[in-house]
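# Descriptive structure summary
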Amino acid sequence: MSKTNANRTGNSLLRTGAVWLILAAALAAMFLIALGVGSSGYSLKEILHALGQAEPANTTERNIRIIVTQLRLPRALLALLVGSCLSVAGALLQSVMRNPLADPGTIGVSAGAGTAAITILLLFPHLSYSVPLFAFLGAALACLLIYLLAWKGGVDPVRIILSGVAVNSVLGGYNAFLQLQNSDNLQGVLGFMNGSLAGRSWQEVRVMAVYAAAGLLLALCCIKNANALQLGDEMAKNLGIRVNGARVALSAVSAFLAAATVSEVGMIGFVGLVAPHIARMLVGSNYKILIPTCILTGSLMVLLADTLGRTVWPGTEIPVGIVMSVTGGPFFLYMLRKRGNFRGN
Amino acid sequence: MIKDAFLQVSGVYKAYGEGESRQEVLRGMDFSVRKGEFCVLLGPSGSGKSTLLNIIGGIDQADRGYIAINGDKLEDLDEKGLTRYRRKHLGYVFQLYNLIPNLNVKENIEVGAYLSEHPLDIDELLQTLGLYEHRHKLPNQLSGGQQQRTSIGRALVKNPDILLCDEPTGALDYNTSKEILKLMEDVNQKYGNTVIMVTHNEVIAKMADHAIRLRDGVVRSESYNEQKLNAAELEW
C-alpha cells in the first residue's frame, strides 16, 4: 500500500477541506504578490491602499492606483479565469479519453484556433481585430472535424486520439507553411502562438468571465457522467449511461472552455494536462471534488507562470505560454516516471 | 409460461459469425422469472449463460424471440429507451469488480447512486454490505470479497428491479464466495430485487427459489425449491 493511499484512509472530507484551504490561501498570497511585483514593486500596504482608496491623495498614489487596478489587477484576474478554464477542460477530456495524458490539444482546439488566427493575421490582416472570434470558430470546427472523423457508430477514445493526431498534423503543416511564406510578418502570430496575458485589459476580463461562468457551470453539470465514464464503456453502459452522448457532451464543454481561452489569450500549453494531474494527486479522481480543485490548481499555475514570466528577466516579458512549456515539460516527464505512485494507480 | 411472470424470455435465438464460422449460442430459450425471485442459471461454459444475460440487459439483441419485463418487450425500445431501462431496472455484478481504482468505496458506490431517481441511503447500504468501516478505502486496499461487495453496492444503490450477476463468486475463494452468496441472499430478502445469477456451481441452486439448467443454448430443465437452503449451509 503506497503512502498516498494510506493517507486517503483518513477522513477524506477533512483532507479535501484542508487541500482547498491551502490552495485558496496560496492563491490569495500569489494574487497579492502578482499585484505587488513588476518593474515597480509595491508593498502590501500600498496595494491595499490602491485597491481601497476612493481618491488618490497625490500623483504617486494615482500612478500606483493606475498600475495596480488598470494593469496588474485585470491581468491577474484573467490569469485566474484562463487557468480555471484550461484546467477543467483538461480534466473533462481525461475522463472522456480514459487517459490521464489527454488535454485540449488532443481534440484539435489549439491547432484549430492557431490555424484560424494565423490565417487572419497573415492573409487578412485588416480583420485582425476579429482574431478572437475566428480563433474560437477554428477551435470549434477542428474539434467537430476530429469527432466526425472518429465517429463509427459511436466515438471511441482511441479513434478520437488518432483522428486528433491526423488533423493536428495537417493543420500544423498548413500553419508552418503560412509562417514560412510570411516569415517577415510573424510578430502578431508569435504573440498568439505563445499565449500571453500582456496588455490585456478589463475588456478581456469581462469577456473571459462570461465564457468561464458559462463553461464552468456546464462542467459542474458533467460531474456524474465524468465519474461514470471512468468505469469504461461497458460498465458505464450497464449502469445506464448513454456513453456516446456523455462523451460528446463532455468534449463539447471542454472544447468550449479551451476555445474561449485560446481566443482571448492565445495558446497556452500544459495547463490542461498538468493542473488536473496535481489536483488528482491531491484529492483523487472523484469529479465532484476534482473540478473545484482543478479550478484552484489551474488558476494558481497560470498566475504563477505569468508572474514569473514578467519578473524573472527584468526588462523583458516572457509570455506565459513559454513559461508553461518550459516548466510544464519537465513536470510532465516527472509525472510519467512517477505515475505508478499516484493515488489508486 | 407462468401467469405472474416478471421477466419473460421467449423463443430467444442468437448466433454469432457468418457462413462456416457461424455459431448458434442460443437456440430457442424459453423461461419466466417471478418478481423478487432468486433465480440461478446453471450450465457449463458455452451453454449461452452470459450471452443470455447480455440480451436480458439490453447490451446485445436477440436474432429471434423476445425478452419482456413486466410485459414490455425490449425489442420495442430504441437506444434511449434501452438506456433508461438499464438505468431504472437493472443492476449488474460481474466476476471482475470493475471498480474505479482511485475512488474510495463510498465514491465508487455513489457513481451508481447518481443515476437513480430513488437511490438507497448509501450509509445504510454500506452497513448492510459490511463496508461502513472501509468506506474511505481505495479498491487496492480491499480484499477480493470486499471489492465484490463494493461492486454489489454500486449495482444495488440504484434500487434496481433486477440484479444480474455473472459468476459473482468466480474469482473468490470458498469462504469469501459463501460470504458473498449470503450477502446476495440478504439483499434479495431485504430489498426484494429479482436476482438472476449465472453460475456453473451446481450447489448454488440449492439456495435459489428457481434453478434453470442450460445446455447448448436451450433450457434442459427447470426446478423450484420448496425448501431452499441458507447460503451458510451450502457446501461444495
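What comes next is a walk through the structure.

## Considerations on the packing of aromatic side chains
All names here are of chain A. Applying the stated criterion to the full structure yields five aromatic pairs over all chains. Ring geometry for Phe136 versus Phe256: centroids 5.9 Å apart, planes at 80°, classification edge-to-face. Of this pair, Phe136 sits in helix 6 (residues 131-150) while Phe256 sits in helix 12 (residues 243-265), and the two are 120 residues apart along the sequence. Taking relative accessible area as the criterion, Phe256 reaches 23% and is therefore assigned partly exposed.

## Details of the environment of Ser163 of chain A
Residues and elements named next belong to chain A. Within the secondary structure, Ser163 sits in helix 7 (residues 157-181). Look at Ser163 and you get buried, because its relative accessible area is 10%. For the pair formed by Ser163 and Gly90, sequence separation is 73 residues and the distance between their alpha carbons is 18 Å. Apart from the residues within four sequence positions on either side, Ser163 is in contact with Ile146, Leu149 and Ala150. Polar side-chain contacts of Ser163 include one of 2.8 Å to the backbone oxygen of Arg159.

## Examining the side chain of Ser47 of chain B
Residues and elements named next belong to chain B. In this fold, Ser47 is placed in the loop between strand 3 (38-42) and helix 1 (49-56). Given a relative accessible area of 1%, Ser47 falls into the buried group. Looking at Ser47, its side chain comes within polar contact range of the main-chain oxygen of Pro44, at 2.7 Å. In contact with Ser47, other than residues within four places in its own chain, are Val25, Leu214, Arg215, Asp216 and Gly217.

## Notes on the environment of Leu239 of chain A
With respect to the helices and strands, the residue Leu239 of chain A is situated in helix 11 (residues 233-239). Exposure remark for Leu239 of chain A: the relative accessible area of 4% places this residue in the buried category. For the pair Leu239 of chain A and Ala228 of chain A, spaced 11 residues apart in the sequence, the C-alpha separation amounts to 8.3 Å. Those residues in contact with Leu239 of chain A that lie beyond four places of it in its chain are Leu231 of chain A together with Arg86, Arg87, Val111, Gly112, Leu115, Arg154 and Lys158 of chain B.

## Let's talk about helix 4 (residues 59-97) of chain A
Residues and elements named next belong to chain A. In this model, helix 4 (39 residues) spans 55 Å end to end at C-alpha, consistent with the 57 Å of a helix rising 1.5 Å per residue. Of all the bends in helix 4, the greatest reaches close to 35° and is centred on Arg72; the proline Pro74 follows between one and four positions later. Among the 39 residues that make up helix 4, 28 are buried, leaving the element largely enclosed by the rest of the structure.

## Remarks on the nonpolar core
By size, the foremost hydrophobic cluster in this structure holds 137 residues, and its most contacted members are Ile107, Tyr147, Ile160, Phe192 and Leu303 of chain A together with Val9 and Leu52 of chain B. With 18 residues, helix 4 of chain A is the single largest residue contributor to this core. In this structure, Ile107 of chain A is in contact with Leu93, Met97, Ala142, Cys143, Ile146, Tyr147, Ile160, Ser251 and Ala255 of chain A, ignoring residues within four places of it in sequence. The next biggest cluster of nonpolar side chains, apart from the first, holds 39 residues, and it includes Val93, Leu126, Leu129 and Leu183 of chain B.

## Concerning the packing of helix 5 (residues 109-123) of chain A against helix 7 of chain A
Residue and element names in this part refer to chain A. As a packed pair, helix 5 and helix 7 sit with axes 9 Å apart at the nearest point and diverge in direction by 20°. The orientation of helix 5 with respect to helix 7, classified from their angle, is roughly parallel. Crossing of helix 5 against helix 7: the hand is left-handed. Here Ala111, Gly112, Gly114, Thr115, Ile118, Thr119, Leu122 and Leu123 of helix 5 come into contact with helix 7, specifically with Asn168, Leu171, Tyr174, Asn175, Leu178 and Gln179. Split by residue class, the contact of helix 5 with helix 7 holds seven nonpolar, seven polar and no charged.

## Quick word on the environment of Ala29 of chain A
Residue and element names in this part refer to chain A. The residue Ala29 is located in helix 2 (residues 12-36) in this model. The exposure class assigned to Ala29 is partly exposed, which follows from its relative accessible area of 38%. A sequence separation of 271 residues divides Ala29 from Leu300, and the C-alpha atoms of the two residues are 9.9 Å apart.

## Some points on empty space enclosed by the protein
All chains considered together, the criterion is met by one cavity of 30 Å³ or more. The computed volume of the largest cavity comes to approximately 30 Å³. Lining of the largest cavity is provided by Met235, Asn238 and Leu239 of chain A together with Tyr92, Arg154 and Ala155 of chain B. Elements with a minimum of two residues in the lining of the largest cavity: helix 11 of chain A together with helix 5 (144-156) of chain B.

## Brief notes about a positive patch on the surface
The grouping of Arg242 of chain A together with Lys80, Arg84 and Lys88 of chain B at the surface amounts to a positive patch. Turning to its location among the elements, Arg242 of chain A is positioned in the loop between helix 11 and helix 12. Under the relative-accessibility criterion, Arg242 of chain A is labelled partly exposed at 44%.

## Regarding the packing of helix 5 of chain A against helix 6 of chain A
Residues and elements named next belong to chain A. The geometry of helix 5 relative to helix 6 is characterised by a closest axis approach of 7 Å and an angle of 140° between their N-to-C directions. In terms of orientation, helix 5 and helix 6 fall into the oblique class. Crossing of helix 5 against helix 6: the hand is right-handed. Across the interface between the two elements, Val109, Gly112, Ala113, Ala116, Ala117, Ile120 and Leu121 from helix 5 touch Val131, Phe134, Ala135, Gly138, Ala139 and Ala142 from helix 6. Counted by class, the contact of helix 5 with helix 6 contains 11 nonpolar, two polar and no charged residues.

## Description of the sheet that holds strand 10 (residues 218-224) of chain B
Residue and element names in this part refer to chain B. Pairing is mixed across the open sheet formed by six strands, whose spatial order is 6-7-8-3-9-10. Strand pairing shows two members of the sheet lacking a second neighbour, strand 6 (90-93) and strand 10, which therefore form its edges. The sheet shows a mean angle of 15° between the axes of neighbouring strands, direction not considered. Direction of pairing for strand 6 relative to strand 7 (residues 162-166): parallel, over a ladder of four bridges. The residue of strand 7 that forms the bridge with Leu90 is Ile162.

About the cut-offs
- Residues numbered from 1 in each chain as written.
- Chains lettered and ligands numbered in written order.
- Predicted model: local features only at pLDDT ≥ 70, side-chain atom pairs only at ≥ 80, totals over all residues.
- Heavy atoms only, no water.
- Phe/Tyr/Trp six-rings, centres within 6.5 Å; stacked < 30°, edge-to-face > 60°.
- Helix = DSSP H or I, 4+ residues; strand = E, 2+ residues; numbered from the N terminus.
- Buried < 20%, exposed > 50% of the residue type's maximum accessible area, 1.4 Å probe, protein only.
- Contact = heavy atoms within 4.5 Å.
- Polar contact = N/O pair within 3.5 Å; in protein donor to acceptor, adjacent residues only side chain to side chain.
- Expected span 1.5 Å × (residues − 1).
- Bend = angle between axes of the 7 residues up to and from the residue.
- Core = buried A, V, L, I, M, F, W, Y, C linked by side-chain atoms within 4.5 Å.
- Axes fitted to C-alpha atoms, helices over the stretch in contact; angles between N-to-C directions.
- Parallel < 35°, antiparallel > 145°, perpendicular 65-115°, else oblique.
- Left-handed = near helix turned anticlockwise from the far one by under 90°.
- Nonpolar A, V, L, I, M, F, W, Y, C, P; charged D, E, K, R; others polar.
- 1 Å grid on protein atoms, 1.4 Å probe; cavity = no way out; pocket = protein on both sides within 12 Å on 5 of 7 lines; lining within 4 Å.
- Points joined across faces, edges and corners; volume = space filled by probe spheres on them.
- Patch = residues over 30% accessible without salt bridge, like charges linked within 9 Å, V, L, I, M, F, W, Y side chains within 5 Å.
- Areas by Shrake-Rupley, 256 points an atom, 1.4 Å probe, with all protein chains shown as cover.
- Salt bridge = Lys/Arg side-chain N within 4 Å of Asp/Glu carboxyl O.
- Lys, Arg positive; Asp, Glu negative; His and termini not counted.
- Charge placed at Lys NZ, Arg CZ, Asp CG, Glu CD.
- Pairing = 2+ DSSP bridges.

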